[in-house]
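So the chains spell out like this:
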Amino acid sequence: MAKEEPPPRQQTGRIKDARGRSVRELDPVVMHLMHRPGIIPQDTLGDIAKDIGFGTTKGVRIAFWGWIVCLVCLVIALAILLTRLANGAITTRRFIVSLVPYCGIWTSFFGFWIGARNNRHKRIGSIMLKYLRCPHCGYDIRGLPVDPSDGATVCPECGCAWRLGD
Ligand SMILES: [Zn+2]
């Protein structure tokens, strides 16, 4: 692991390195906005952040707000159905059947949101590698030898292995 881990605010989701090790990756956009470049030169960090893009993508926003709206609808439906169930107006079976569509849509939006977030994490990793920076610690990995057994370049700072062609 890195000798000095970046603060959690400067890290985003987890990605797997070329050898399947799950590690947290840096968030170059947050580091750039906080003016905390760490070991990445400020100019390079600015270029990386611009490539990633500021703010969230349209897909993430739609999935997130869809999930929130479905959650509110689910809570309202649950309150109405529980009241009707308590009054004996509906059976337990009818109560469960009525909730299934809400739960299905809510789960779908939640899945879209998680998928969109994971795509962003993968994108950050590939852009960091494009700039020859270790996605986990930001170390400059240009010119390092490639392990012939798996074609991965090992970061000397944190030990993560990356395929630079990825
Ligand atoms: Zn590293």
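Above this text sits the structure in question.
Everything quoted here is computed from the prediction, not taken from an experiment.

A.B. asks: Mind showing me how you'd approach the coordination of the zinc ion here?
C.D. replies: The zinc ion binds to the protein through Cys134 (SG), Cys137 (SG), Cys155 (SG) and Cys158 (SG); the donor distances cover 2.2 to 2.3 Å. Taken together, the 4 donor atoms coordinating the zinc ion and their angles of 102 to 120° define a geometry best described as tetrahedral. In primary sequence terms, the donor set of the zinc ion follows C-x2-C-x17-C-x2-C. Taken together, the positions of Cys137 in the loop between helix H4 (92-130) and strand E3 (146-147) and Cys155 in the loop between strand E4 (152-154) and strand E5 (161-162) put the pair 18 residues apart, joining distant regions of the chain. Per residue, the accessibility class of Cys137 equals that of Cys155, and both read buried.

A.B. asks: Before we go on, may I ask you to explain the nonpolar core in this structure?
C.D. replies: A general trend in soluble globular proteins is that nonpolar side chains are found buried together. Leu26, Val29, Met31, Ile40, Leu45, Ile48, Ala49, Ile52, Ile124, Ile127 and Met128 form the largest nonpolar core, which has 11 residues in total. For this core, the secondary structure elements donating two or more residues are helix H1 (28-33), helix H2 (42-52) and H4. For Leu45, the residues in contact, after removing those within four places along its chain, are Pro28, Met31, His32, Arg36, Pro37 and Ile40. Grouped together as the second largest cluster of nonpolar side chains are 10 residues, Ile15, Cys134, Cys155 and Trp162 included.

A.B. asks: So what exactly am I meant to see when it comes to the sheet that holds E4 here?
C.D. replies: Across a sheet, strands are paired by hydrogen bonds formed along the backbone, either parallel or antiparallel in direction. If you trace the 3 strands from one edge of the open sheet to the other, you get E3-E4-E5, paired in antiparallel fashion. On the outer flanks of this sheet lie E3 and E5, each paired with one strand and no other. The pairing of E4 with E5 spans 2 bridges and is antiparallel. Looking across to E5, one finds that Val154 is bridged to Ala161.

A.B. asks: So what exactly am I meant to see when it comes to the packing of helix H3 (residues 58-86) against H4 here?
C.D. replies: The axes of two packed helices give the description: the angle between them and the distance between them. Where H3 meets H4, the axes come as close as 8 Å, and the angle between the chain directions of the two elements is 165°. With respect to H4, the element H3 is oriented roughly antiparallel. Crossing handedness for the pair H3 and H4: left-handed. Taken together, the residues of the contact of H3 with H4 sort by class into 25 nonpolar, 4 polar and 1 charged.

A.B. asks: I tried to follow the environment of Cys155 on my own but got confused; where do I start?
C.D. replies: The class for Cys155 is buried, based on a relative accessible area of 1%. What Cys155 contacts, discounting residues up to four positions off in sequence, is Cys134, Cys137, Tyr139, Ile141 and Cys160.

A.B. asks: Hey, could you run me through H4 in this one?
C.D. replies: Each α-helix turn comprises 3.6 residues. Residues three or four places apart therefore point the same way. The end-to-end C-alpha separation of H4 is 56 Å, in line with the 57 Å expected for 39 residues at 1.5 Å each. A maximum bend of about 30° is found in H4 at Val100, where proline Pro101 lies one to four positions downstream. Buried within H4 are the following residues: Phe95, Ser98, Leu99, Trp113, Ala116, His121, Ile124, Gly125, Ile127, Met128 and Leu129. Where H4 is buried, its residues meet strand E1 (11-16), strand E2 (22-26), H1, H2, H3 and E5. In the stretch just after H4, Leu132 is the one whose phi turns positive, near 55°.

A.B. asks: What is the right way to look at the packing of aromatic side chains in this model?
C.D. replies: To describe a pair of aromatic rings, one takes the distance between the centres and the angle between the planes. Tallied over the full model, the rule gives 9 aromatic pairs. Ring plane angle 80° and centroid distance 6.4 Å describe the contact between Phe109 and Phe112, whose orientation is recorded as edge-to-face. Separated by 3 residues within a single helix, Phe109 and Phe112 lie in helix H4, roughly one turn from each other. Ring pairs connect the aromatic residues Phe64, Trp65, Trp67, Trp106, Phe110 and Trp113, which therefore count as one cluster. The ring centre of Trp113 lies 5.5 Å from the NZ or CZ of Arg117, which sits over that ring.

Conventions used here
Starting from 1, residues in each chain are numbered consecutively following that chain's sequence as written. Owing to the predicted nature of the model, reporting of local features is limited to residues with pLDDT of at least 70; listing and counting of side-chain atom pairs is limited to 80 or more, with chain, interface and lining totals taken over all residues. With hydrogens and water stripped out, all remaining heavy atoms of the structure feed into the side-chain values. For Na, K and Ca the donor cutoff is 3.2 Å, while for all other metals N, O and S atoms count as donors only within 2.8 Å; water does not appear among the atoms, so some sites may look incomplete. Metal sites are grouped by the angles between bound donors: all angles between 85 and 135 degrees with four donors is tetrahedral, opposite donors over 155 degrees apart with the others between 65 and 115 is square planar for four donors and octahedral for six, and any other pattern is irregular. By the criteria applied, helices consist of DSSP H or I runs no shorter than four residues and strands consist of E runs no shorter than two, each listed in order from the N terminus. Note on exposure labels: buried denotes an accessible area under 20% of the residue type's maximum, exposed denotes more than 50%, and partly exposed covers the range between, all computed with a 1.4 Å probe on protein chains only. Here, the term nonpolar core denotes a set of buried Ala, Val, Leu, Ile, Met, Phe, Trp, Tyr and Cys residues that are joined through side-chain atoms within 4.5 Å. We call two residues in contact whenever any of their non-hydrogen atoms come within 4.5 Å of each other. When DSSP finds at least two bridges between two strands, those strands are taken to pair. Axis definition: a line fitted to C-alpha atoms, over the contacting stretch in the case of helices. Angles run 0 to 180 degrees between N-to-C directions. Roughly parallel means an angle under 35 degrees; roughly antiparallel, over 145; roughly perpendicular, 65 to 115; everything else is oblique. Working rule for handedness: look at the near helix, and if it is turned counterclockwise from the far one by less than a right angle, call the crossing left-handed; if clockwise, right-handed. Amino acids are sorted into nonpolar (Ala, Val, Leu, Ile, Met, Phe, Trp, Tyr, Cys and Pro), charged (Asp, Glu, Lys and Arg) and polar (every other residue, Gly among them). Between the first and last residue of a helix there are one fewer steps than residues, each counted as 1.5 Å, and that sum is the expected span. Values of bend correspond, residue by residue, to the angle between axes fitted over the seven residues ending at that residue and the seven starting there. Between rings of Phe, Tyr and Trp, where Trp is taken as its six-membered ring, a pair exists when centres lie within 6.5 Å; planes separated by under 30 degrees are stacked, by over 60 edge-to-face, and by other angles tilted. Geometrically, a charge over a ring is one whose NZ (Lys) or CZ (Arg) sits within 6 Å of the ring centre while staying within 35 degrees of the ring normal.

Spatial relationships are all this shows, so hold off on functional conclusions.
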